[in-house]
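# Per-entry structural report
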Amino acid sequence: MTYLSVYTDGEHPETVLETEDIAEIAAVLKELDVVLRQWAVIEGHGGSQEEILDAYRGQVDRVVAEEGYTLVDVAQLHPDGSPEWPEKARAAREKFLSEHTHDDDEVRYFVSGSGIFYLHVGGRVYAVLCEAGDLLTVPRDTTHWFDMGTEPDFTAIRFFHDDDGWVGRFTGNPVAERIPDFDSIAARRASRN
């Protein structure tokens, strides 16, 4: 289930909101022109990019037709027990941890696992913890970052209008360093339940 935490963006961020109420989350995000939809999860569909896209073909084709995306791919990171895994996980996480924008919408459907999109808008940071079944659309030029946690374990379908795929413009703003990270928010959520 989706979880939203909202923080002030000052030197000492304060928590403004924490909720799992999907209607409340959708209403808050709508004010930012961010769209949250939910699809039924197709159990047991992991594997290759082709297998995942085939399993979700109907939903993917509908979104592509509605929005005109030209590139759809699958990003996935799962612990593999190899000696290289810790460095691979660290490098993948660090790539997205700094605040940035895009010339394209950022659209992700979580097939499995979870990650947090942090949207920095109007003096607030909206931390949207997305899990399997969540489809999040962040409009182009929205200042944000993404955290997959210290132990990434997710599969997500990505949609792009540009065949270059993911291209970020980093802002240099250190706000991400002041806001609770994925692991902290996930632990806080677990303690509330």
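Our subject is the structure listed above.
The structure reproduced in this document is the subject of the present report. Keep in mind it's a predicted model, so treat the numbers as computed, not measured. (Residues numbered from 1 in each chain as written. Predicted model: local features only at pLDDT ≥ 70, side-chain atom pairs only at ≥ 80, totals over all residues. Heavy atoms only, no water.)

### Points about the pattern of salt bridges
- Tallied over the entire structure, the rule returns 15 salt bridges.
- Measuring nitrogen to oxygen at the nearest pair gives 3.5 Å for the salt bridge that ties glutamate 66 to arginine 37. One end of the pair, glutamate 66, is in helix α3 (residues 57-67); the other, arginine 37, is in strand β3 (residues 35-38), and 29 residues separate them in sequence.
- Judged by relative accessible area, arginine 37 falls into the partly exposed class, the value being 29%.
- Here arginine 57 ties to aspartate 54 by a salt bridge, and the two come within 3.5 Å at their closest N and O atoms.
- For aspartate 54, a relative accessible area of 52% puts it in the exposed group.
- By sharing partners, the salt bridges in this structure join Glu18, Arg188 and Arg192 into a single network. (Salt bridge = Lys/Arg side-chain N within 4 Å of Asp/Glu carboxyl O. Helix = DSSP H or I, 4+ residues; strand = E, 2+ residues; numbered from the N terminus. Buried < 20%, exposed > 50% of the residue type's maximum accessible area, 1.4 Å probe, protein only.)

### What to know about the environment of valine 35
- Tracing the backbone shows valine 35 in strand β3.
- The spacing of valine 35 and threonine 137 is 102 residues in sequence and 5.0 Å in space, taken between C-alpha atoms.
- In this structure, valine 35 is in contact with Leu135, Leu136 and Thr137, ignoring residues within four places of it in sequence. (Contact = heavy atoms within 4.5 Å.)

### Points about the nonpolar core
- One finds Leu29, Leu119 and Leu136 to be the most contacted residues of the largest nonpolar core, which totals 28 residues.
- Of all the elements in the fold, those that place two or more residues in this core are β1 (3-8), α1 (22-30), β4 (71-77), α4 (85-96), β6 (106-121), β7 (124-131), β8 (134-138) and β10 (154-160).
- When residues in this core are grouped by element, the largest group, four residues, is from α4.
- One finds Ile52, Tyr56, Tyr69 and Val74 within the second-largest nonpolar core, a separate group that totals 16 residues. (Core = buried A, V, L, I, M, F, W, Y, C linked by side-chain atoms within 4.5 Å.)

### Some points on the environment of threonine 171
- As for its position among the elements, threonine 171 is in the loop between β11 (169-170) and α5 (182-192).
- On the accessibility criterion, threonine 171 (39% relative accessible area) is partly exposed.
- Here the alpha-carbon distance between threonine 171 and proline 83, two residues 88 residues apart in the chain, equals 34 Å.
- Of the polar contacts made by the side chain of threonine 171, one reaches the side chain of glutamate 99; its length is 2.7 Å.
- A distance of 3.1 Å separates a polar side-chain atom of threonine 171 from the backbone nitrogen of asparagine 173. (Polar contact = N/O pair within 3.5 Å; in protein donor to acceptor, adjacent residues only side chain to side chain.)

### Considering the packing of aromatic side chains
- All chains considered together, the criterion is met by 10 aromatic pairs.
- Seen in terms of ring centroids, phenylalanine 110 and phenylalanine 146 are 6.5 Å apart; in terms of plane orientation they differ by 35°. Their pairing is tilted. With phenylalanine 110 in strand β6 and phenylalanine 146 in strand β9 (residues 144-147), this residue pair connects regions lying 36 residues apart in the sequence. Each member of the pair, phenylalanine 110 together with phenylalanine 146, is buried.
- A ring pair is formed by phenylalanine 146 and phenylalanine 154, whose centres lie 6.1 Å apart and whose planes are at 75°; its orientation type is edge-to-face. (Phe/Tyr/Trp six-rings, centres within 6.5 Å; stacked < 30°, edge-to-face > 60°.)

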